[in-house]
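Observations on the model geometry
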Amino acid sequence: MRSSIIKVSGQMAVLLFFILITFVANAQNRTITGTVTSKDGVPLANASVTVVGQNSGVRTDANGAFTINVLPNAKQLEVSYVGSETQTVNISATSNVTVTLANSGQALSEVVVIGYGTVKKTDATGSVTAITAKDFNKGDFSTPEQLIAGKVPGVQITSNSGVPGSGSTIRIRGGASINASNDPLIVIDGVPITNEGVKGLPNALASINPNDIESFNILKDASATAIYGSRGSNGVILITTKKGKKGKAVFNFNTQVSAGKVAKKQDVLSANQFREFVKANGTPTQIALLGNANTDWQDQIFQTAVTTDNNFSISGSLKNLPYRVSLGYLNQDGIVRTDNFQRGTASINLSPSLWDNHLKINLNLKGTIAKSRYSNSGSAIGNAIGFDPTQPVYSGNKNYGGYFQYTDPTTPSGLTSLAPSNPLAALNQYKKIGTPQRSIGNIQLDYKFHFLPELHANVNLGYDIAKGTETTTIQDSAISNYLGFTNPSTPTIYHKGYHSSGSTTDPGKQQQQNTIFEFYLNYGKDLDAIKSRIDAVAGYAYQDFLTTNYFYYSKAGDGVTDSSTKPTYPVTKPQHILISYYGRLNYSYDGKYFLTGTIRTDGSSKFGPAHRWGVFPSGAFAWRIKEESFLKNSKTVSDLKFRVGYGITGQQDGIGNYDYILNYTLSGIATQYNFGTGYYQMYKPLPYNPNLKWEQTATTNLGIDFGFLKNRITGSIDYYFKKTTNLLNTISVASGTNFGNQITANIGNMQNEGVEFNINATPVRNNHFSWDLGFNFTYNENKITKLSTNDNGSIGVPAANSNIGFTTVQQQTVGYPINSFYVFQQVYNEAGKPIGGLYNDINRDGKITAADKYWYKSPAPQEFLGFFSNFYYGKLSAGFSLRANFGNYMLNQNARGSSSVKSILGNASFLTNALTNVLATHFANSVDFSDYFIENASFLRMDNVSFGYNIGKVFHNSANLRANLNLQNAFVITKYTGADPEISNGIDNSFYPRPRTLILGLNLDF
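Residues numbered from 1 in each chain as written. Predicted model: local features only at pLDDT ≥ 70, side-chain atom pairs only at ≥ 80, totals over all residues. Heavy atoms only, no water.

Further remarks concern the overall build of the chain. Per the secondary structure count, the chain includes eleven helices and 60 strands. In the chain, which comprises 1006 residues, the proportion classed as buried is 52%. Taking as baseline every contact in the chain between residues at least 6 positions apart, the subset at least 24 positions apart corresponds to 69%. Just so you have it, the chain exposes about 43,700 Å², and 56% of that area is on carbon and sulfur atoms. (Helix = DSSP H or I, 4+ residues; strand = E, 2+ residues; numbered from the N terminus. Buried < 20%, exposed > 50% of the residue type's maximum accessible area, 1.4 Å probe, protein only. Contact = heavy atoms within 4.5 Å. Areas by Shrake-Rupley, 256 points an atom, 1.4 Å probe, with all protein chains shown as cover.)

Okay, structure coming up:
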């Protein structure tokens, strides 16, 4: 402990020493103040102001103001801003300047990040979208991807739930696979990360502090993603974090507090409605089960969720050493009681230049320590919908913590078999704690050769290490019997609790260790004699992915460890390696014509020697029509460019590390063999397929980029066609032909075809008022074209994760979108009400069988859009962002499961509540496959409404203070009758609601 304190104290002393040096140096300088505005008089925030001939600079604040300390002999400042002409200002005879920057007419010339380099947006041949911090969504976000939800055409970001720290389902131009991964590759400061979470942190991005993000660059078509080869089939998201800038030390502290409430509860029968229904339809025994209470169980489990988020950073430079250091702490409650997510983050960036800027070093270190308490929300939400509202919360029964429960003294647990558990008890008597840690870091060295400055050598050494542990404690092990946990079989310890960490198949502790080494050469040369430029990249990459799983122990309520839960071999270490060679050549002629060719070859240890290597090429062409003589002097058209590209990418994520080779696993405890006096777990062979090979996606892209009126209006239109072949699919095999009845094989094709459109505009910009807005629209049609070895065959197979109880409601079928619903067509009476159990006899054979099911709708929207707008007037600002999905359908499982009289009165020992839908359907028995419960879930959602006010200078003009007020998830317009129409898999089964959140924030720069 003492050594840790000494270590921390030493680090603080070094930091304070650096700050002291900065302040002493500044005291010897003279001070220049000023403001930077556009030609229209609008203050330009974040403009760069540097001293000519010196390594110092600052950024303007929200009012366009700046203060910079310069040496006595300084003569000029250089002022620059994206989309404006750089200006040099004389300061030798003044201490205050006003700088007006003219619009360069080149807003599209901003630099965007692509794989292994950057390129001007005007020169890009692929479909690339850049989103910077000024355009981020504003709100209470625990994960960074929500910063750009609805901002990018072709990119659909759906938060998985309202659970604190939960991740999102990200789809770029639709999914490219059925059973393999559909997640994009995410690269953070040059480190490709896996999309797999770790124990205690199932969302990999939850370890990244959104406050540290500078920009996102999204690569969508194959000509842009092929440089990433086997990991680029689902698109690539490049995340760049904030860096230090040359200039004096700048401090920033921002804090926000928010309060969230459930936006919409499930519409269940009230206590009085429930009594009336039971009395009208139940037996005397069931009527006698009614209680005297009026309990809203959803009110019992939901709470006002308070979140605090605090971040501090310091950035600047010490001579030639730009630096940025940040600290963050998030404490987020969930709207379901007992849910909580706490995260502490730290990041360091150092980016010095040495040897007269010939060697540039970029060091990034990020660390996260988190603690999560997960509620048993799935059980609690489901039980809150179904628990009898006439019963009280508490009954005084000491065996069950005083909570009301349905009891039966004839059972070992004392509880009624199959009865739901008290929803509040399911939360308060259940404690699941996750304690994850994660660190991502890398060092990049870029050396510009002295003898050939056009040639650069780049080395990237990086790592991503995460570890986490999960433990579960249940106060009353009788309750755990109804939460899906295995209990000790001795009745005397049923009421003494239960503690576990993992299971024989689910590790209680995990560690992921992913490392990367990359080396590439980059050569860029202007060939003025032939009006050309070439830019070439050639490189090598080695990535190692190692996971260590530690399997579980458990303790019964009497404190005695159950020895049978200790596997003989408690650790597994699955590992795979990816080796890559890649190259890219960019050629441009006369600033009008651009060609890009890319090739990458990947070798993955997930495939056998005969199929290990995959080759992924791409090519693209762009024509900047604006530079032709007939448009070059146009005052209306600021930019016009045509793009066309084609490429192939691969896929190996989402399948096992050893599916191609004979492998063994330890058998379960239930299948131990008795030899002599002991019982032993045995190893069993797993099914395998030595012919596994790469899944491949070929993409064609046609695009137009445009700008009008000095780029006051900009946008793009893209058409794409993606075809995936050799799908990595799970198929059934004949008994006796393998060591299981299912294997992974390359069978099937699918395609995505779509159109993207986006437009951004500044309708008004003057001295007092500015208005920016943006709109994007995407149409995507997904279809399976092959699922068997027979090219003409039409086959349907159950979709993964589509089981509700014993019911499979989605199928993969040729000619239909993935995960299409496979159901009966409901028949209605003359009044328009559904007739229970009566369906359309589609094949007209006089009976209703599985042959009468049909494929009906899909969870994926065919169209989705985003619309956002920002207003600035003096010190005031306001904005909003909207998103909409159209054509997406949802199985309302909550309604399906409680649509019948039997769902309420199906047991003589207890009663179950239902949604008010039962009053309309009044089905006698449950209806599993009716299309009546497949509802149109199209929606329009107001994601965020924000207001801001720049309070201005405080603390004797030494700091600037801004305040903001946001309302997140303001409203949803939809026909869907459930609590939320936006669930990525299309099945609403006790979904954890997204909260409606009010946020107050303060930002202090000093």
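Next comes the rest of the account.
Here the focus is the packing of aromatic side chains. By convention here, two paired aromatic rings are described through the distance between centres and the angle between planes. Considering all chains together, one arrives at 34 aromatic pairs under this definition. Grouping aromatic residues by their ring pairs yields a cluster made of W297, F387, F404, Y406 and F910. It is K509 that lies over the ring of Y550; its NZ or CZ is 5.2 Å from the centre. If you follow K853 out to its NZ or CZ, it ends over the ring of F929, 3.4 Å from the centre. (Phe/Tyr/Trp six-rings, centres within 6.5 Å; stacked < 30°, edge-to-face > 60°. Lys NZ or Arg CZ within 6 Å of the ring centre and 35° of its normal.)

In this structure the tally under the stated criterion is 13 cavities of 30 Å³ or more. In this structure, the largest cavity occupies an estimated 540 Å³ of space. D140, F141, S159, Q968 and P995 are, among the 36 residues lining the largest cavity, the residues nearest its centre. Put simply, the parts of the chain that give the lining of the largest cavity at least two residues each are β11 (155-159), β17 (250-262), β18 (305-318), β19 (321-333), β57 (939-954), β58 (959-974) and β60 (995-1005). Across the lining of the largest cavity, the residue classes tally to eight nonpolar, 20 polar and eight charged. A volume near 150 Å³ is recorded for the second largest cavity. Around the second largest cavity, the lining comprises 18 residues; the ones closest to its centre are D212, T241, S347, L365 and K366. Residue assignment for the lining of the second largest cavity shows that the elements contributing at least two residues are β20 (340-350) and β22 (359-374). (1 Å grid on protein atoms, 1.4 Å probe; cavity = no way out; pocket = protein on both sides within 12 Å on 5 of 7 lines; lining within 4 Å. Points joined across faces, edges and corners; volume = space filled by probe spheres on them. Nonpolar A, V, L, I, M, F, W, Y, C, P; charged D, E, K, R; others polar.)

Across the sheet, four strands lie side by side as β3-β2-β5-β6; this open sheet has antiparallel pairing. The sheet terminates laterally at β3 (57-59) and β6 (87-90), the two strands that pair on one side only. With direction set aside, neighbouring strand axes in the sheet form an average angle of 20°. As defined by bridge partners, strand β5 (residues 76-80) adjoins β6 across four bridges and the pair is classed as antiparallel. Its bridge partner lying in β6, V79 is registered against Q87. (Pairing = 2+ DSSP bridges. Axes fitted to C-alpha atoms, helices over the stretch in contact; angles between N-to-C directions.)

Moving on, we come to the pairing of strand β31 (residues 575-589). One ladder, built from 15 bridges, connects strand β28 (residues 532-550) with β31; its direction is antiparallel. Of the residues in β31, the one forming a bridge with A538 is G583. Taken together, the twelve bridges between β31 and strand β32 (residues 593-604) define a ladder with antiparallel strand orientation. Looking at β32, one finds that N586 is bridged to T596. The antiparallel pairing of β31 with β32 creates a hairpin that spans three residues between the two strands, and D590 there sits at a positive phi of about 60°.

Bringing the pattern of salt bridges into the picture now. Across all of its chains, the model carries 33 salt bridges by this definition. Linked by salt bridges that have partners in common, R173, K220, K641, R643, D705, D718 and E756 make up one network. (Salt bridge = Lys/Arg side-chain N within 4 Å of Asp/Glu carboxyl O.)

With respect to the helices and strands, E982 occurs in the loop between β58 and β59 (987-988). Engagement of the side chain of E982 in a polar contact is seen with the side chain of R941, the distance being 3.2 Å. Contact partners of E982, with chain neighbours within four places excluded, come to I157, T158, R883, M890, F939, R941, F991 and R994. (Polar contact = N/O pair within 3.5 Å; in protein donor to acceptor, adjacent residues only side chain to side chain.)

Of note, the phi angle at W355 is positive, near 55°, even though the residue is not glycine. Located in the positive-phi region is L418, a residue other than glycine, with phi close to 70°. For L418, the location among the structural elements is in the loop between α6 (377-386) and α7 (423-428). Overall, L418 belongs to the exposed group, its relative accessible area being 72%.

Looking now at the environment of Y552. Summarising the element assignment, Y552 is placed in the loop between β28 and β29 (553-555). Note: C-alpha distance between Y552 and V571 (19 residues apart in sequence) is 9.5 Å.

Turning our eyes to something else, we now look at the confidence of the model for the chain. Parts of the prediction with low pLDDT should not have their coordinates interpreted in detail. Here the chain averages 87 in pLDDT, and 89% of its residues register 70 or above. Below pLDDT 50 for its whole length, residues 1-27 participates in eight contacts with residues either more than four positions away or in separate chains. Here residues 105-109 is a poorly scored stretch, pLDDT under 50, and it has 18 contacts once near neighbours within four places are set aside; other chains count. (pLDDT = per-residue confidence, 0-100.)

Here we take up the pairing of β28. Both strand β27 (residues 509-527) and β28 contribute to a ladder of 19 bridges, which runs antiparallel. Looking at the pairing, K525 lines up with I534 of β28. Taken together, β27 and the strand that follows it, β28, pair antiparallel across an intervening segment of four residues, in which K531 is found at a positive phi of about 55°. Pairing of β28 with strand β30 (residues 571-572) involves two bridges; the strand directions are antiparallel. Counted as the bridge partner of N549 is T572 from β30.

Judged by nonpolar contacts, the single largest core of 49 residues is most densely connected at F274, V278, Y406, L891, I904, L905 and L911. When contributions to this core are tallied by element, the ones reaching two or more residues are α3 (271-281), α5 (297-301), α6, α7, β49 (820-823), β55 (889-892) and α10 (901-905). When residues of this core are assigned to their parent elements, the largest contribution, four residues, is made by α6. Core analysis: the second largest hydrophobic core is formed by 23 residues, I131, V191, L205 and I237 among them. (Core = buried A, V, L, I, M, F, W, Y, C linked by side-chain atoms within 4.5 Å.)

What follows is about a nonpolar patch on the surface. Taken together, the side chains of V257, V306, F947, L965, L967, L998 and L1000 define a hydrophobic patch exposed on the protein surface, amounting to about 580 Å² of accessible area. If you list the elements that add at least two residues to the nonpolar patch, you get β58 and β60. Within the element layout of this structure, L1000 appears in strand β60. Overall, the relative accessible area of 48% leaves L1000 in the partly exposed class. (Patch = residues over 30% accessible without salt bridge, like charges linked within 9 Å, V, L, I, M, F, W, Y side chains within 5 Å.)

Let us look at the side chain of N217. Residue placement: N217 occurs in strand β15 (residues 213-219). Here the side chain of N217 touches V113 through a polar contact of 3.0 Å, landing on its backbone nitrogen. Residues in contact with N217, not counting those within four places in the same chain, are V112, V113, T129, A130, V236, I237 and L238.

So, on to the sheet that holds strand β7 (residues 96-101). Spatially, β4-β1-β7 is the arrangement adopted by the three strands of the open sheet, whose pairing is mixed. The open sheet has two free edges, formed respectively by β4 (65-70) and β7, since each of these has just one partner strand. Shown here is a sheet whose adjacent strand axes are inclined to one another by a mean of 30°, direction ignored.

Quick look at the environment of P685 now. Among the secondary structure elements, P685 is positioned in strand β38 (residues 683-686). P685 sits in the partly exposed class, given a relative accessible area of 26%. Between the C-alpha atom of P685 and that of F739, which follows or precedes it by 54 residues, the distance is 6.3 Å. Once residues lying within four places of it in the same chain are set aside, the contact partners of P685 are L662, N663, Y664 and F739.

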